[in-house]
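In case you want the letters, here they are:
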Amino acid sequence: MKPDTPRLPAPYWRLWWAAGINSIGDGAFAAAVPLLAVTITRDPRLVSVVSAAAYLPWLLLSLPAGALVDRHDRVTLMWRSQAIQALIVTVIAVLAAVGHLDVTALALMAFTLGACETVFANAAQAIVPDVVARPVLHRANGYQQTITTIGHQFLGPPIGSLLFAVAVALPFGVDAGSFALSAVLLATLPRRAHRPATHPPMRSAIADGLRWLAGHRLLRTLAILLGVNTFCGQLGNATLVLLATQTLNLDARGYGLLLACAAIGSVLGGLVSARVVGRIGALPALLTALATNAVVFVGIGLSPNAIVLGALLSVNGFVITLWNIVTVTLRQQVVPSALLGRVNSVYKMVGWGLIPLGALAGGLVAYSFGLRAPYPVAGVLRGIALLAALPVLLRAALWRLPSGRLEAGDAVKIDR
């Protein structure tokens, strides 16, 4: 670290610890929910309802959640969201323990947890610039991404699976405890007054966020690229388990190792992303990540064996994390603080709204053309989207700044 580089302050590390603790509980929850759903019903359509219910709030509630983040104290929203989630998961644990949980109740609770997550996630991204100095945003976001990946993909799932084997309610109890502890840590963060004493009506506040993102060429383009990429990601990944087990003849343990390869790449990306951005700049790093991601997806579909597939999944995890850190930091640098929650919510709604359609498309492509086909199709689509967006990316002001930093005024002058 350079001598003049600001250190990450103590409040940031409390935020970091909260993210890490929460991610372990979420990983355990993510592993246990499908196991619980299968004990309730064997109908795959009903099992899929639970997953759909968890993502539905991002489509229905993301915009009002962003408006709430910009008009209320973000720290308070975060710890209260976590506290409510702790209560919901506690109810799931109790109902699971006594055997009185059905698919309808599980889907309803998954939706409620997702609704809280829309508020928490928007506030969590919006609060980072309040806690750390601008020169270390990439590093701060990288550390957050790393600890989240470790908890959610490495530690949480095996803990959840093992505890579920001991007692159905145990992994949900762990998740409830992680939410509660995270809420306690978050409640100690300093408050900052961003919001005016009076607020516009909710509809007007949401419209302000929509107009701001629509008027910013670079961020608008990145949001659309994210939408294409998440669609393509689900198009390929929806049938990854079948590609691994049926085409490459892996068992469950081998499939788990493949997922671990992707997680290793993600962790490495979180650790070195700030150095990559510092050396080549934010948008060159972003462009490299997008181009690599398209090529890797084509390669995944052509993988001759599990070793090649695992290596490509690791590269994919690395570049996805690099993309996430660069774009999150860019929004934190460019969007005015008073609008950050609303703009983030619009960005995520555009970027994540096609996830269910991507999964459906992946199943249809695999059924019609074979289990290898979804990945090359997704890779080609990602390449086409990148070529279409390239003129906007090349004109962006970030290219002219060696450190990758962009001031809000520059963005307005060049990209609006």
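Since we're looking at a predicted model, the values are computed, not measured.

Asks: Would you explain the overall build of the chain in this entry?
Replies: When you go through the chain residue by residue, the secondary structure sums to 17 helices and zero strands. When burial is assessed residue by residue, the chain has 50% of its 416 residues classed as buried. Within the chain, contacts between residues at least 6 apart in sequence are counted, and of these 88% link residues at least 24 apart.

Asks: Teacher, can you tell me more about the packing of aromatic side chains here?
Replies: Geometry of an aromatic ring pair is reported as the spacing of the ring centres plus the angle between the planes. A complete count under the given rule lists six aromatic pairs for this structure. Centre to centre, the rings of Trp16 and Trp17 are 5.2 Å apart; their planes meet at 85 degrees, and the pair counts as edge-to-face. With relative accessibility at 51%, the residue Trp17 sits in the exposed group. Look at Phe29 and Phe172: their rings are 5.6 Å apart centre to centre, the planes differ by 85 degrees, and that puts the pair in the edge-to-face class. Placement of the pair is Phe29 in helix H1 (residues 10-40) and Phe172 in helix H7 (residues 170-186), with a sequence separation of 143 residues. Judged by its relative accessible area of 15%, Phe29 is buried. Taken together, Tyr12, Trp13, Trp16, Trp17 and Tyr143 form an aromatic cluster joined through their ring pairs.

Asks: Help me understand the packing of helix H13 (residues 306-334) against helix H14 (residues 340-352), please; the structure alone is not making it clear to me.
Replies: If you want to describe how two helices pack, look at the angle between their axes and the distance between the axes. Running from amino to carboxyl end, H13 crosses H14 at an angle of 145 degrees, the nearest separation of the two axes being 10 Å. Taken as a pair, H13 and H14 cross one another with a handedness that is right-handed. Along the contact surface, H13 presents Trp323, Thr327, Arg331 and Gln332, while H14 presents Leu340, Asn344 and Tyr347. By residue class, the composition of the contact of H13 with H14 is three nonpolar, three polar and one charged.

Asks: Could you clarify how one ought to interpret the environment of Leu137 in this entry?
Replies: Of note, Leu137 is situated in helix H6 (residues 137-166). A residue is classified by how much of its surface remains accessible, and Leu137, at 2% relative accessible area, is buried. Between the alpha carbons of Leu137 and Val328 there is a distance of 9.3 Å; along the sequence they are 191 residues apart. Excluding anything up to four places from it in sequence, Leu137 contacts Val128, Pro129, Val132, Thr329, Gln332 and Gln333.

Asks: Which parts of the structure should I look at to understand the side chain of Ser23?
Replies: In this fold, Ser23 is placed in helix H1. Reaching out from Ser23, the side chain makes a polar contact with the backbone oxygen of Ile147 at a distance of 3.4 Å. Leave out the neighbours within four places in its chain, and Ser23 touches Ile147, Thr148, Gly151 and His152.

Asks: Before we go on, may I ask you to explain the side chain of Arg331 in this structure?
Replies: Position of Arg331 relative to the elements: it lies in helix H13. For Arg331, a relative accessible area of 3% gives the class buried. There is a polar contact of 2.6 Å between the side chain of Arg331 and the side chain of Asn344. Ignoring sequence-local partners within four residues, the contact set of Arg331 consists of Gln125, Leu219, Leu340, Asn344 and Tyr347.

Asks: When you look at helix H16 (residues 374-395) in this model, what are you seeing that I'm missing?
Replies: For the α-helix, the turn length of 3.6 residues means that residues three or four positions removed from each other point alike. Taking 1.5 Å as the rise per residue, H16 with 22 residues should run 32 Å; its terminal C-alpha atoms sit 32 Å apart, in good agreement. Ala389 marks where H16 bends most, by close to 45 degrees; the proline Pro391 follows one to four residues later. Restricting attention to buried positions, one finds in H16 the residues Pro374, Tyr375, Ala378, Gly379, Arg382, Ala385, Leu386, Ala389, Val392 and Leu393. Looking at the buried side of H16, the elements it contacts are helix H9 (217-237), helix H10 (240-247), helix H12 (282-301), H13 and helix H15 (355-369).

Asks: Is there a simple way to explain the packing of H12 against H13 in this structure?
Replies: At a closest axis distance of 9 Å, the pairing of H12 and H13 adopts a crossing angle of 150 degrees. When the interaxial angle is binned, H12 and H13 end up roughly antiparallel. As H12 runs across H13, the sense of the crossing is left-handed. Within the contact between the two elements, H12 uses Ala282, Ala285, Leu286, Ala289, Leu290, Thr292, Asn293, Val296, Phe297, Gly299 and Ile300 and H13 uses Leu309, Leu312, Leu313, Val315, Asn316, Val319, Ile320, Leu322, Trp323, Val326 and Thr327. Its residues assigned to classes, the contact of H12 with H13 shows 17 nonpolar, five polar and no charged.

Cut-offs and rules
Residues numbered from 1 in each chain as written. Predicted model: local features only at pLDDT ≥ 70, side-chain atom pairs only at ≥ 80, totals over all residues. Heavy atoms only, no water. Helix = DSSP H or I, 4+ residues; strand = E, 2+ residues; numbered from the N terminus. Buried < 20%, exposed > 50% of the residue type's maximum accessible area, 1.4 Å probe, protein only. Contact = heavy atoms within 4.5 Å. Phe/Tyr/Trp six-rings, centres within 6.5 Å; stacked < 30°, edge-to-face > 60°. Axes fitted to C-alpha atoms, helices over the stretch in contact; angles between N-to-C directions. Left-handed = near helix turned anticlockwise from the far one by under 90°. Nonpolar A, V, L, I, M, F, W, Y, C, P; charged D, E, K, R; others polar. Polar contact = N/O pair within 3.5 Å; in protein donor to acceptor, adjacent residues only side chain to side chain. Expected span 1.5 Å × (residues − 1). Bend = angle between axes of the 7 residues up to and from the residue. Parallel < 35°, antiparallel > 145°, perpendicular 65-115°, else oblique.

Without other data, these values stay purely geometric and don't point to any function.
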